[in-house]
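# Geometric and topological summary
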Amino acid sequence: MREQEIIGLELKAYTKTLENGLKVLLVPNKKEKTKNKYYMTLGTHFGALNLSFFDEFAKKQVTMPAGIAHFLEHKAFAQENGMDPFTFFSESGCYANAYTNYRATCFVVAGTKDLKENISYLFDFLFHPYFTDENVEKEREIIKQEIRMYEDDCNYQASRRLFANMYQKIPLYYPVVGTEESVSKITKENLYHCYQTYYQPKNMFFVMTGNFDEKEVMMALEDKMEKIRVKDIAIKEKKYKEPVEVKKKLDILYGDVKVPKVEIGYKMERDHFPIESNLKLDLYLNMITAIAFGSTSTFSEELKRRQLTSGIGYYFKRVSNSVALIISSECSSDMVAKQLIKELDQYLKNLKVEEEDLERIKKVWISSEIVRSDYADNFLDYFVDDIIEYQRPILNYIELIRSMNIEELNQVVKALNFEHRAVVKLLKEEER
């Protein structure tokens with residue numbers, strides 16, 4: 001077990017790759033206010049993007065129906081003995097949940113007692129899948145109902161339509177849950193093939209934060225994994241080369257909404273940025289958007305003053321060879337949306353960042369890093385996100401933030417290209 005300091009936080013991280021390949025990260029924190037409170041996540045690098053891979057069983061390249069990772073997350077809770085894992089964890093006073101995103105599927109447990117028993121059971125139910133034609137069909141209908149619920153949400157549909165119009169090769173154009181059509185095609189055999197390919201320890205990770213003894217937990221993990229035997233299968237995934245052009249530049253949706261909104265995606269090529277490290281590039285991109293649109297942005301305040309927006313949501317999305325800036329905003333009408341897009345295009349085209357802006361945001365970020373370490377559940381999520389995104393926990397964020405400088409930041413600003421843009425407007429029915 002390797003012990004490492006988390007720079008600037010007076011905390012230790014303990015890491016180890018077990019013999020079967022499972023990557024473990026333990027971050028005990030005695031500042032956790034609730035005695036013996038722990039938070040753990042067991043995850044696999046299998047998400048909604050992982051649709052095409054070489055199937056070792058079929059001995060050929062296969063493409064699975066969209067939504068299969070989410071479907072498998074649901075079916076992982078099915079047990080041959082009929083025991084519901086949620087009931088088990090609830091009876092031991094634990095919170096349990098699971099989620100799927102584009103890159104991973106994660107199973108989360110939080111509690112204050114029965115630590116070793118809950119670790120053991122978490123691994124037991126995940127490594128003993130039970131799929132039948134009957135329980136797959138039952139789950140299919142549940143997921144279709146979930147999809148219909150999302151389809152009734154106009155705001156969700158606007159966000160989904162933006163991705164569908166932006167991406168041509170990378171399957172971001174599919175929602176994580178899939179579609180009714182794609183979910184109808186998922187079979188028991190599909191689920192087993194995906195499970196056996198992706199739910200193997202070498203493709204998985206375990207993260208724990210909270211108030212616990214790291215030696216006790218590591219011993220429990222090693223003991224449990226010693227008893228689990230899973231076939232080692234090579235994972236060979238399809239690589240995507242995404243065009244920089246968007247699929248469709250403008251879409252207008254109409255719905256029963258109180259406030260119209262606009263979703264904008266500016267699409268760029270990863271290779272055009274001068275920063276080699278994805279982690280470092282992500283930090284600079286997020287720094288730029290925080291300066292441009294954050295709480296201290298004079299541009300955002302001016303847009304609010306002129307009633308062009310009540311606020312701007314923003315984030316960068318980097319997948320494969322593609323980088324995109326996503327912006328969303330409420331707008332009172334189509335006319336206001338048009339003016340807002342015009343203002344955004346002009347502002348981004350002439351974007352400038354001053355050193356004092358950079359230094360101010362750096363101080364805010366460093367303070368946030370220190371504060372978040374006091375909340376073990378939030379701390380857990382950050383480590384899980386790092387492992388999903390970068391295949392390792394980042395233990396020196398404060399050091400990295402301090403090292404950010406105006407010269408490199410301006411190189412990134414200079415590389416930004418807002419030429420390729422997709423827009424989705426969600427307007428009131430009366431504007432149709």
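Residues numbered from 1 in each chain as written. Predicted model: local features only at pLDDT ≥ 70, side-chain atom pairs only at ≥ 80, totals over all residues. Heavy atoms only, no water.

## Side note on the overall build of the protein chain
- A count of helical and extended segments in the protein chain gives 15 helices and 14 strands.
- For 432 residues, the compact-globule estimate of 2.2 N^0.38 gives 22 Å, and the C-alpha radius of gyration of the protein chain, at 23 Å, lies within 12% of that figure.
- C-alpha extents for the protein chain along the principal axes are approximately 60 × 50 × 40 Å.
- A total of 432 residues make up the protein chain; the buried ones form 54% of that total.
- Counting only contacts in the protein chain whose residues sit at least 6 apart along the sequence, the fraction spanning at least 24 positions is 79%.
- Roughly 20,700 Å² of accessible area belongs to the protein chain as shown, and the carbon and sulfur atoms make up 47% of that amount.
- Of the charged side chains in the protein chain, 62 are positive and 68 negative; the average position of the first set lies 3 Å away from that of the second. (Helix = DSSP H or I, 4+ residues; strand = E, 2+ residues; numbered from the N terminus. Rg over C-alpha atoms; globule rule 2.2 N^0.38 Å. Buried < 20%, exposed > 50% of the residue type's maximum accessible area, 1.4 Å probe, protein only. Contact = heavy atoms within 4.5 Å. Areas by Shrake-Rupley, 256 points an atom, 1.4 Å probe, with all protein chains shown as cover. Lys, Arg positive; Asp, Glu negative; His and termini not counted. Charge placed at Lys NZ, Arg CZ, Asp CG, Glu CD.)

## Some remarks on the packing of helix H3 (residues 115–126) against helix H8 (residues 214–226)
- Orientation of H3 relative to H8, taken along the N-to-C sense of each, is 35°, at an axis distance of 10 Å. H3 and H8 meet at a crossing whose hand is right-handed. The residues of H8 that touch H3, namely those facing Leu115, Lys116, Ile119, Ser120, Phe123 and Asp124, are Glu216, Val217, Ala220, Leu221, Lys224 and Met225.
- Tallied by class, residues from the contact of H3 with H8 come to seven nonpolar, one polar and four charged. (Axes fitted to C-alpha atoms, helices over the stretch in contact; angles between N-to-C directions. Left-handed = near helix turned anticlockwise from the far one by under 90°. Nonpolar A, V, L, I, M, F, W, Y, C, P; charged D, E, K, R; others polar.)

## Considering the state of the cysteines
- The final tally for this structure, using the stated rule, is zero disulfides.
- Just so you know, Cys94 is unpaired, no disulfide at all, and the nearest cysteine sulfur is the one on Cys106, 17 Å from it.
- Among the residues examined, Cys94 registers a relative accessible area of 11% and is labelled buried.
- With no disulfide of its own, Cys154 lies 16 Å from the sulfur of Cys331, the closest cysteine sulfur. (Disulfide = S-S within 2.5 Å.)

## Here's the deal with the sheet that holds strand S2 (residues 11–17)
- Taken together, seven strands build an open sheet; the order of strands is S1-S2-S3-S9-S4-S8-S7 and the sheet is mixed. The sheet terminates laterally at strand S1 (2–6) and strand S7 (95–100), the two strands that pair on one side only. The average undirected angle you get between the axes of adjacent strands in this sheet is 15°.
- By the bridge criterion, six bridges tie S7 to strand S8 (residues 105–111) in an arrangement that is antiparallel. Considered in S8, the bridge of Ala98 is made with Phe107.
- Relative to S7, helix H1 (residues 68–75) is tilted by about 160°, and along the sheet it contacts S7 and S8.
- Sitting on the sheet, H3 is in contact with strand S4 (38–44), S8 and strand S9 (204–210), with an inclination near 15° to S4. (Pairing = 2+ DSSP bridges.)

## A look at the pattern of salt bridges
- A full pass over the atoms with the stated rule returns 28 salt bridges.
- Between Lys224 and Asp124 there is a salt bridge, and its shortest N-O distance comes to 2.7 Å. Placement of Lys224 in helix H8 and of Asp124 in helix H3 is noted, with a sequence separation of 100 residues between them.
- Overall, Lys224 belongs to the buried group, its relative accessible area being 13%.
- Residues Glu301 and Lys304 are paired through a salt bridge, measuring 3.6 Å at the closest nitrogen-oxygen approach. Separated by three residues within a single helix, Glu301 and Lys304 lie in helix H10 (residues 298–305), roughly one turn from each other.
- For Glu301, a relative accessible area of 40% puts it in the partly exposed group. (Salt bridge = Lys/Arg side-chain N within 4 Å of Asp/Glu carboxyl O.)

## A look at the environment of Phe212
- Note on placement: Phe212 falls in the loop between S9 and H8.
- On the basis of relative accessibility, which here comes to 5%, the residue Phe212 falls in the buried class.
- For Phe212 and Val27, which are 185 residues apart along the polypeptide, the C-alpha to C-alpha distance reads 8.8 Å.
- Residues contacting Phe212, with those up to four places away along its chain left out, are Leu26, Val27, Pro28, Lys30, Leu115 and Val217.

## Points about the pairing of S8
- The buried count for S8 comes to seven of seven residues, which makes it a mostly enclosed element.
- Bridge analysis of S4 against S8 gives seven bridges, and the strand direction is antiparallel. When the bridges of S8 are listed, Gly43 appears paired with Cys106.
- The antiparallel hairpin formed by S7 and S8 contains four residues in its connecting segment.

## Thoughts on unusual backbone geometry
- A positive phi angle, near 60°, is found at Gln307, a position not held by glycine.
- Positionally, Gln307 belongs in the loop between H10 and strand S12 (312–319).
- Gln307 sits in the exposed class, given a relative accessible area of 65%.
- Phi at Ser320 takes a positive value of approximately 55°, unusual for a residue other than glycine.
- Its place among the elements puts Ser320 in the loop between S12 and strand S13 (322–330).
- Take Ser320: its relative accessible area is 40%, and that puts it in the partly exposed class.

## A few points about the packing of aromatic side chains
- Taken as a whole and assessed by the stated rule, the structure comprises 26 aromatic pairs.
- Plain terms: the ring middles of Phe293 and Tyr314 are 5.7 Å apart, the flat faces sit at 40° to each other, and that makes the pair tilted. Taken together, the residues Phe293 in helix H9 (residues 278–293) and Tyr314 in strand S12 connect sequence positions 21 residues apart.
- Residue classification places Phe293 among the buried residues on the basis of a relative accessible area of 5%.
- The class of Tyr314 is partly exposed, set by a relative accessible area of 27%.
- With a centroid separation of 3.7 Å and 5° between ring planes, the pair formed by Phe299 and Tyr347 is classed as stacked. With Phe299 in helix H10 and Tyr347 in helix H11 (residues 334–349), this residue pair connects regions lying 48 residues apart in the sequence.
- Residue Tyr347 is classed as partly exposed on the basis of its relative accessible area of 21%.
- One aromatic cluster is present, formed by Phe77, Phe86, Phe88, Phe89, Phe107, Tyr121, Phe125, Phe131, Tyr192, Tyr195 and Tyr199 through successive ring pairs.
- The positively charged end of Lys236 is found above the aromatic ring belonging to Phe54, 5.1 Å away from the centroid. (Phe/Tyr/Trp six-rings, centres within 6.5 Å; stacked < 30°, edge-to-face > 60°. Lys NZ or Arg CZ within 6 Å of the ring centre and 35° of its normal.)

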